[in-house]
Amino acid sequence: MNASRPLPLFLALVLAAVVYVLLTSRGLPPVVASHFDGAGAANGFMRRGFYIGFMLAFVAGLPLLVVGLSTFLFRRPHAKLGIPNQ
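Residues numbered from 1 in each chain as written. Predicted model: local features only at pLDDT ≥ 70, side-chain atom pairs only at ≥ 80, totals over all residues. Heavy atoms only, no water.

1. With respect to the overall build of the chain
Note the cut-off: Counting from the N terminus, the helices are DSSP H or I runs at least four residues long and the strands are E runs at least two residues long. Both definitions apply: the radius of gyration is a C-alpha atom measure, and the globule rule equals 2.2 Å times residues to the power 0.38. Relative accessibility thresholds used throughout: buried, under 20% of the residue-type maximum; exposed, over 50%; partly exposed, between the two (1.4 Å probe, protein chains only). With residues, only the protein chains shown are counted as cover, and all accessible areas are computed by Shrake-Rupley using a 1.4 Å probe.
Of the regular secondary structure elements, the chain holds 2 helices and 2 strands. Starting at the N terminus and ending at the C terminus, the chain contains elements arranged as α-β-β-α. On C-alpha atoms alone, the chain measures out to a radius of gyration of 19 Å, which is more than a quarter above the 12 Å that the 2.2 N^0.38 rule sets for 86 residues. When the backbone C-alpha atoms are referred to their principal axes, the chain occupies close to 50 × 35 × 20 Å. Taking all 86 residues of the chain together, the buried fraction comes to 9%. If you sum the accessible surface of the chain, you get close to 7,100 Å²; carbon and sulfur atoms cover 69% of it.

2. A short note on helix 2 (residues 48-74)
Put simply, the rule is: Between the first and last residue of a helix there are one fewer steps than residues, each counted as 1.5 Å, and that sum is the expected span. Bending is quantified residue by residue as the angle between axes fitted to the seven-residue window ending at that residue and the seven-residue window starting at it.
With 27 residues, helix 2 extends 38 Å from end C-alpha to end C-alpha; this agrees with the ideal 39 Å at 1.5 Å per step. In helix 2, a bend of some 35° at Ala57 exceeds every other bend along the element.

3. What to know about the packing of aromatic side chains
Worth spelling out the cut-off: For this analysis, a ring pair means two rings from Phe, Tyr or Trp (six-membered ring only for Trp) whose centres lie within 6.5 Å, classed as stacked if their planes differ by under 30 degrees, edge-to-face if by over 60, and tilted for the remaining angles.
Taken as a whole and judged by the stated rule, the model has 1 aromatic pair. Ring geometry for Phe54 versus Phe58: centroids 6.3 Å apart, planes at 10°, classification stacked. Separated by 4 residues within a single helix, Phe54 and Phe58 lie in helix 2, roughly one turn from each other. Exposure remark for Phe54: the relative accessible area of 41% places this residue in the partly exposed category.

Structure follows, in structure tokens:
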């Protein structure tokens, strides 16, 4: 099985997520509510720029990091997956 086939689809989805965050963040106020209590009232706030950066890191950076690290680690010549046999 060729493991590189899903890579273009993955990269397209990450790009689509980045575009979505950038397009939907244009209308945000200068201070964005970022945390809410159990009743739905905002109790945490961020500046718009920091919020956009955080969202980009979360929707693009984290998936790229996970896929990149797993690809790097499992393509090593002597990579072993340590699942115990019980």
